[in-house]
Amino acid sequence: MRIARFSIDGNVAFGAVEGDKPDELVLDIIKGIPFTEHELSGTKVPLSKVRLLPPVLPSKVVAFGRNYAEHARELGNEVPDAPFAFFKPSTSVVGPGDDIQYPPFSEDLHHEAELAVVIGRMCREVPRERVKDVIFGYTCANDITARDVQKREKQWARAKGFDSACPLGPWVETDLDPGDLTIQLTVNGQQRQLGRTSEMIHSIEDLIVNITEAMTLLPGDVILTGTPAGVGPLAVGDEVSVSIEGIGTLTNKVVKRG
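Throughout this document, residue positions are counted from 1 along each chain, in the order its sequence is written. Only residues with pLDDT of 70 or above have their local features reported here, since the model is predicted, and side-chain atom pairs are shown and tallied only from 80 upward, although totals for entire chains, interfaces and linings are computed over all residues. Side-chain metrics in this entry use all non-hydrogen atoms of the structure; hydrogen atoms and water are not considered.

(A) Spotlight on the state of the cysteines. For this text, the term disulfide refers to a pair of cysteine sulfurs within 2.5 Å. Per the stated rule, a full pass over the model turns up 0 disulfides. Free of any disulfide, Cys 123 has its nearest neighbouring cysteine sulfur in Cys 166, separated by 18 Å. The thiol sulfur of Cys 166 is not disulfide-bonded, and the nearest other cysteine sulfur, from Cys 140, lies at 12 Å.

Set out below in structure tokens:
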């Protein structure tokens, strides 16, 4: 099931996305929230009549760096022996169609297409065999990075945590095998990144076991699983799209902040 979060007439709701053709998609509004007991209302609205929002509002986004060997090498980094985590704050999250605001403290903004895992229940110290039980679904993400700031400051909080640095969407796909999916990113229609989730160094199970050893994850929290090779610069006016097989496409435009 594809579950979207959207606004219509000033109201925010979740809905199940139905249909196959992009111009014929409709939303069956969900009674309640999808992380608890819920049901479809039967009330349907065309997707074209709503504004899609970030599919979840995470309390935290846990991101894992250098999880594709070729990406680590393209930036001159060693491939880590263990998962390498950092955070993006909830305030960095934006949805499909929202602007990516080029931060004034950077001159080298980069795109990073990623598969995002959405957590479905509160969990801690998750054993490998139970990882699937805590996953709600999967969505597209773009780990926008101020590369010059990342290199200069070493600590990544500003480089990866500024407002609008974490586009998510367009919805969450709950019925998906994430083991070998195509990830593609285009800028102004030109392909920049192309990889497969099977190229991850550390699996989704590895990542969730690793982070829940340290902290509790809450429903709606997001895990970013790393980016394949091909990261590169963005400029004001660029339109950047992340497409993941079985999920859909997340598109955002880069604008000057302010």
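Picking up after the structure, the text goes on.
(B) A look at the sheet that holds strand E20 (residues 248-256). Here, any two strands with at least 2 DSSP bridges between them count as paired. Runs of E in the DSSP output that reach at least two residues are strands. Runs of H or I that reach at least four are helices, and both are numbered from the N terminus. Spatially, 5 strands are ordered E9-E20-E19-E15-E16 in an open sheet, and the strand pairing comes out mixed. Sheet topology places strand E9 (99-102) and strand E16 (190-196) at the edges, where each strand pairs with a single neighbour. If you compare each strand with its neighbour and ignore which way they point, the axes differ by 20° on average. Pairing of strand E19 (residues 239-244) with E20 involves 6 bridges; the strand directions are antiparallel. Directly across from Ile 244, in E20, lies its bridge partner Gly 248. As a rule, the C-alpha atoms of each element are fitted with a line to give its axis, helices using only the stretch in contact, and angles between N-to-C directions run from 0 to 180 degrees.

(C) Just unusual backbone geometry, in detail. A cis amide bond, omega 5°, links Gly 169 with the succeeding residue Pro 170. Phi is positive for Glu 125, close to 50°, though the residue is something other than glycine. Structurally, Glu 125 can be placed in the loop between strand E11 (113-119) and helix H2 (131-134). Remark: exposure states derive from per-residue accessible area (1.4 Å probe, protein chains only) relative to the maximum for the residue type, with buried under 20%, exposed over 50%, and partly exposed in between. Given the relative accessible area of 56%, Glu 125 is considered exposed. The backbone of Asn 188 sits at a positive phi, close to 55°, despite the residue not being glycine. With respect to the helices and strands, Asn 188 occurs in the loop between strand E15 (182-187) and E16. A relative accessible area of 44% places Asn 188 in the partly exposed class.

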